[in-house]
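# A look at the structure
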Amino acid sequence: MATQHSRSAARLMMAPAVILLLGWMLVPLIMTLTFSFKKYLPLRGGDLGWVGFENYTRFVTSSAFWPSVVATLAIVGGVLVITIGFGILLAILLNQPMWGQGIVRILVIAPFFVMPTVSALVWKNMFMDPTNGLLSHLWRFFGAEPVSWLSEASMTSIVMIVSWQWLPFATLILLTAIQSLDSEQLEAAEMDGAPTFKRFLYITLPHLSRAITIVLLIQTIFLLAIFAEIFVTTGGAFGTRTLTYLIFQRVLEAQNVGLGSAGGVYAIILANIVAIFLMRIVGKNLDA
Amino acid sequence: MGQIKLNQVTKSFGDVNVIPPLDLTIEDGEFTVFVGPSGCGKSTLLRLIAGLEDISSGQIQIDGQDATNVPPAKRGLAMVFQSYALYPHMSVRKNIAFPMKMAGIDEAEQNRRIESAAKALNLTDYLDRRPGQLSGGQRQRVAIGRAIVREPAAFLFDEPLSNLDAALRVGMRLEISELHKRLKTTMIYVTHDQVEAMTMADKIVVLRAGNIEQVGSPLDLYHNPRNEFVAGFIGSPKMNLVTGAEAQKHGATTVGIRPEHIDVSTTEGTWKGRVGVAEHLGSDTFLHIHDTGLADLVTVRINGDIQVSHGDDIYLTPQLDKLHKFGADGLRIN
Ligand SMILES: Nc1ncnc2c1ncn2[C@@H]1O[C@H](COP(=O)(O)OP(=O)(O)O)[C@@H](O)[C@H]1O
Ligand SMILES: [Mg+2]
């Protein structure tokens with residue numbers, strides 16, 4: 001039959017794409033693994049040979065390691081809570097019939113189109129600047145002492161900036177989910193005697209659980225790797241050094257490629273632990 | 001108790017007036033059916049009674065109390081929706097328990113009512129399933145169960161059988177009628193299917209474009225339709241409506257004769273026509289007659305069978321005492 005023939009033809013046709021993808025993924029991975037077992041200092045002698053697990057032990061025993069893991073998880077957790085919480089709120093608001101709905105929706109989505117570097121710079125210079133930022137003017141207007149956001153409340157600031165970027169994504173996904181809720185279900189609950197908040201709790205929220213799961217998974221994957229926002233604001237100072245940022249510092253600032261690569265492998269492991277953990281919690285939501 | 005009274009109730013959506021001023025009283029314990037073509041405002045009227053829509057003007061009374069501004073949950077009415085509107089993430093048991101949980105009824109009483117409703121509706125084996133794992137008929141029963149446990153003053157049904165297949169529909173029709181006989185609670189039932197209306201109702205309300213055309217018992221509407229619309233809408237197959245010279249002979253603008261009130265002969269009769277399609281149901285035969293010069297198509301209902309073929313000449317004789325006469329304004333002339 002033609003199927004046998006077309007199947008091998010299909011394999012042939014797909015081969016370039018598959019090889020390209022594999023190479024794209026495997027080459028960096030293998031290079032990272034290789035470097036992680038070497039002492040490799042590009043400006044101080046280059047490749048100095050195999051060192052076994054020394055890089056791995058040095059990376060975790062460094063005093064910066066555990067704080068960086070904590071910082072990473074704190075940022076991811078904070079941003080998830082804020083984007084999902086406000087995302088649900090905004091989605092409910094945007095689902096109400098109102099004047100200028102189309103324009104408001106576009107405005108809500110807009111932050112997603114701003115590059116991370118740009119938005120972080122805008123926040124840093126226009127909002128959070130202790131002398132000229134909008135927020136400091138606001139504080140002074142109410143007679144309060146302006147806050148130097150990025151040094152005194154560095155973690156809060158980063159979480160705010162990143163949340164602002166990811167809120168549109170969460171809102172958009174949750175809005176489409178809310179729109180698919182059968183209005184008769186809400187009316188049935190209303191007749192069954194459920195007031196507004198209970199209707200939200202017992203009908204809307206369970207309906208959104210799948211969308212929330214998706215937001216949670218996708219955002220976690222991207223948030224574990226945020227970099228630009230930290231680079232242009234605090235530069236990793238004031239307790240905002242995440243694992244990604246620590247690796248960057250080891251490789252580029254300390255010029256220790258081997259140590260950084262070992263860190264990269266840890267990052268892969270951390271990401272997988274978080275992913276498995278999340279899948280466990282929310283996985284049953286997805287196949288329900 | 002469950003008497004529902006509408007006084008001069010109107011409803012407009014923006015500029016569109018869906019329900020013109022309307023008066024209606026539904027007595028306690030009555031099975032009332034709202035029937036009418038699609039888009040005539042049946043659902044809107046039901047939702048006004050339920051409180052899911054605000055009325056534009058007028059007054060709604062439930063058991064003599066003004067309920068116009070009472071929120072839906074406080075009206076003591078239970079509704080069964082066309083889409084069933086079950087809560088998909090809850091088990092059947094939780095679905096049925098939901099209104100009781102909202103009302104703060106204690107656990108033991110909840111369980112007692114769930115068990116008895118499940119038994120009455122044949123749902124005992126399905127209590128731990130989700131609605132998605134049930135058939136259409138079972139979902140329908142869960143929706144009814146959720147309504148029953150509230151022990152409401154009245155049940156509101158919005159085309160509850162329209163998503164079921166024909167055989168199930170007949171079965172559920174009987175079950176709902178049986179339920180009404182047992183509970184003796186007021187029920188308002190919306191349908192576009194006049195067969196459901198005829199078979200279930202104590203009282204039928206025929207609606208057209210938001211207006212009540214006639215209110216009466218099924219047989220009252222069948223024998224004494226107040227106007228041409230009701231005459232054409234109630235009864236299956238439809239009444240034959242004849243205009244022109246033949247109607248003038250009887251002193252009317254339009255005369256109507258039901259298919260079962262026409263005698264058929266192959267040799268002689270008042271009207272001559274040509275046999276078209278014959279629908280054999282076994283117990284009855286519906287003959288569609290062409291070229292009578294009266295109407296495009298005259299339908300005749302014959303008990304049992306008749307030996308005629310397509311294209312044969314045939315003679316029809318209406319039973320004159322069963323003739324319905326309507327004037328130029330469409331109203332019945334007696
Ligand atoms: N929310 C609404 N907004 C505007 N028009 C509506 C709304 N609901 C119903 N209508 C209109 O009211 C009329 C009656 O609708 P409905 O009560 O659903 O009819 P039925 O149930 O008899 O088929 C229809 O013409 C429909 O378009
Ligand atoms: Mg309807």
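The rules behind the values
- Residues numbered from 1 in each chain as written.
- Chains lettered and ligands numbered in written order.
- Predicted model: local features only at pLDDT ≥ 70, side-chain atom pairs only at ≥ 80, totals over all residues.
- Heavy atoms only, no water.
- UniProt positions renumbered as here; feature names shortened; annotations may be inferred.
- Helix = DSSP H or I, 4+ residues; strand = E, 2+ residues; numbered from the N terminus.
- Pairing = 2+ DSSP bridges.
- Axes fitted to C-alpha atoms, helices over the stretch in contact; angles between N-to-C directions.
- Phe/Tyr/Trp six-rings, centres within 6.5 Å; stacked < 30°, edge-to-face > 60°.
- Buried < 20%, exposed > 50% of the residue type's maximum accessible area, 1.4 Å probe, protein only.
- Lys NZ or Arg CZ within 6 Å of the ring centre and 35° of its normal.
- Near = heavy atom within 4 Å.
- Polar contact = N/O pair within 3.5 Å; in protein donor to acceptor, adjacent residues only side chain to side chain.
- Areas by Shrake-Rupley, 256 points an atom, 1.4 Å probe, with all protein chains shown as cover.
- Nonpolar A, V, L, I, M, F, W, Y, C, P; charged D, E, K, R; others polar.
- Lys, Arg positive; Asp, Glu negative; His and termini not counted.
- Salt bridge = Lys/Arg side-chain N within 4 Å of Asp/Glu carboxyl O.
- Contact = heavy atoms within 4.5 Å.
- Buried area = accessible area lost by both parts, 1.4 Å probe.
- Core = buried A, V, L, I, M, F, W, Y, C linked by side-chain atoms within 4.5 Å.

This next bit is on the UniProt feature "domain: ABC transporter" (unreviewed entry) in chain B. Per the UniProt record, "domain: ABC transporter" (unreviewed entry) is found at residues 4–234 of chain B. In residues 4–234 of chain B, the share of helix is 37% and the share of strand is 26%. The end C-alpha atoms are 25 Å apart.

Attention now moves to the sheet that holds strand β7 (residues 154–158) of chain B. Backbone hydrogen bonds are what pair the strands of a sheet, in a parallel or an antiparallel way. Residue and element names in this part refer to chain B. Here we have 6 strands laid out as an open sheet, ordered β6-β7-β8-β3-β9-β10, and mixed in their pairing. Each having just a single partner strand, β6 (77–80) and β10 (211–216) make up the two edges of the open sheet. Between one strand and the next, the sheet's axes are offset by a mean angle of 15°, whatever the strand orientation. One ladder, built from 5 bridges, connects strand β9 (residues 203–208) with β10; its direction is antiparallel. Paired with Arg-208 across the strands is Asn-211, a residue of β10.

We now examine the packing of aromatic side chains. One pass over the full model with this rule turns up 29 aromatic pairs over all chains. Look at Phe197(A) and Phe200(A): their rings are 6.3 Å apart centre to centre, the planes differ by 35°, and that puts the pair in the tilted class. With Phe197(A) and Phe200(A) both in helix α10 (residues 196–223), this residue pair falls 3 residues apart, about one helical turn. Ring centres 5.3 Å apart and planes at 55° place the aromatic pair Tyr245(A) and Phe248(A) in the tilted group. Remark: Phe248(A) and Tyr245(A) occur in helix α12 (residues 243–253); sequence separation between them is 3 residues, near one turn of the helix. Across this residue pair, the class does not change: Tyr245(A) and Phe248(A) are buried. A cation over an aromatic ring shows up here: Lys38(A) above the ring of Trp50(A), its NZ or CZ 4.8 Å from the ring centre. Across the ring face of Tyr222(B), the terminal group of Arg258(B) is positioned such that the distance to the ring centre comes to 4.2 Å.

Right, let's get into the UniProt feature "domain: ABC transmembrane type-1" (unreviewed entry) in chain A. UniProt marks residues 69–278 of chain A with the feature "domain: ABC transmembrane type-1" (unreviewed entry), using the numbering shown here. The span residues 69–278 of chain A carries 77% helix and 0% strand; its end-to-end C-alpha distance comes to 17 Å.

Take the site of ligand 1 next. Residue and element names in this part refer to chain B. Residues in contact with ligand 1, as listed here, are Phe-13, Val-18, Ser-38, Gly-39, Cys-40, Gly-41, Lys-42, Ser-43 and Thr-44. Contacts to ligand 1 include Gly-39, whose backbone N or O atom sits 2.6 Å from an oxygen atom. Here an oxygen atom of ligand 1 and a backbone polar atom of Lys-42 are 2.9 Å apart. Protein chains shield 55% of the accessible area of ligand 1, which is 560 Å² for the free molecule. Element by element, the count of residues in the shell around ligand 1 is highest for helix α1 (residues 42–50), at 3 residues. Grouping the amino acids of the shell around ligand 1 by side-chain chemistry returns 3 nonpolar, 5 polar and 1 charged.

Time to look at the UniProt feature "transmembrane region" (unreviewed entry) in chain A. Residues and elements named next belong to chain A. In this numbering, the UniProt entry assigns the feature "transmembrane region" (unreviewed entry) to residues 12–37, 65–94, 106–123, 158–178, 211–238 and 258–282. Spanning residues 106–123, this segment combines 67% helix with 0% strand, and its end C-alpha atoms are found 21 Å apart. The straight-line gap between the two end C-alpha atoms of residues 211–238 is 35 Å; of that span, 64% is helix and 0% is strand.

All names here are of chain B. The alternating pattern of β6 places Leu-77 and Met-79 on one face and Ala-78 and Val-80 on the opposite face, and all of these are buried. Here β6 pairs with β7 via 4 bridges, running parallel. Bridging from a neighbouring strand, Val-80 pairs with Phe-157 of β7.

The subject of this paragraph is the side chain of Arg258(B). All names here are of chain B. Examined against the element boundaries, Arg-258 turns out to sit in the loop between β12 (254–257) and β13 (262–265). Buried charge without a partner: Arg-258 forms no salt bridge, and the closest opposite charge is Glu-260, 5.2 Å away. A polar atom in the side chain of Arg-258 sits 2.8 Å from the backbone oxygen of Tyr-222. Those residues in contact with Arg-258, other than ones at most four positions away along the chain, are Leu-221, Tyr-222, Pro-225, Ala-231, Ile-234, Gly-235, Met-239, Asn-240 and His-324.

On to the interface of chain A and chain B. The partner chain B presents 22 residues to the 15 residues of chain A that form the contact. Summing both sides of the interface, chain A and chain B together bury roughly 1700 Å²; the carbon and sulfur share of this comes to 61%. Contact with chain B buries surface across chain A, with Met191(A), Asp192(A) and Tyr202(A) losing the most and accounting together for 42% of the total. Inspection of the chain A/chain B interface yields 3 salt bridges. At the surface where chain A touches chain B, the tally comes to 7 residue pairs in polar contact (both at pLDDT 80 or more). If you list the elements that add at least two residues to the side of chain A that touches chain B, you get α9 (183–191) and α10 of chain A. Among the elements that line the side of chain A that touches chain B, the one with the most residues is α9(A), at 7 residues. Residue composition of the side of chain A that touches chain B, grouped by class: 7 nonpolar, 2 polar and 6 charged.

Within the secondary structure, Trp24(A) sits in helix α1 (residues 2–36). It is 27 Å that separates the C-alpha atoms of Trp24(A) and Ser6(A), two residues lying 18 residues apart in sequence.

In this section: the pattern of salt bridges. Residue and element names in this part refer to chain B. In the structure shown here, the tally under the stated rule is 18 salt bridges over all chains. Notably, a salt bridge pairs Glu-53 with Lys-11, separated by 4.0 Å at the nearest N-O pair. Linking Glu-53 in the loop between α1 and β4 (57–62) with Lys-11 in strand β1 (residues 4–13), this pair joins segments that are 42 residues apart in sequence. According to the relative accessible area criterion, Glu-53 is buried, its value standing at 19%. A relative accessible area of 8% places Lys-11 in the buried class.

What follows covers the sheet that holds strand β2 (residues 16–26) of chain B. Residues and elements named next belong to chain B. Strands sit in the order β2-β1-β4-β5 across an open sheet of 4 strands; the sheet is antiparallel. Taken across any chain shown, the strands that pair with only one partner, and hence form the sheet edges, are β2 and β5 (65–66). Examined bridge by bridge, β4 and β5 share 2 bridges and lie antiparallel to one another. Its bridge partner being in β5, Ile-62 is matched across the sheet by Gln-65. Each of β1, β2 and β4 touches α1; the most contacted strand, β1, lies at about 120° to it.

Ile96(B), Ile144(B), Phe157(B), Ile176(B), Tyr189(B) and Val206(B) are the most contacted members of the largest nonpolar core, which totals 43 residues. A per-element tally of this core places helix α4 (residues 136–148) of chain B first, with 5 residues. Sequence-distant contacts of Ile176(B), that is, excluding residues within four places in its chain, are made with Phe31(B), Ile144(B), Phe157(B), Leu161(B), Met187(B), Tyr189(B) and Met200(B). In this structure, Ala64(A), Ile88(A), Val108(A) and Val274(A) belong to the second largest nonpolar core, which totals 42 residues.

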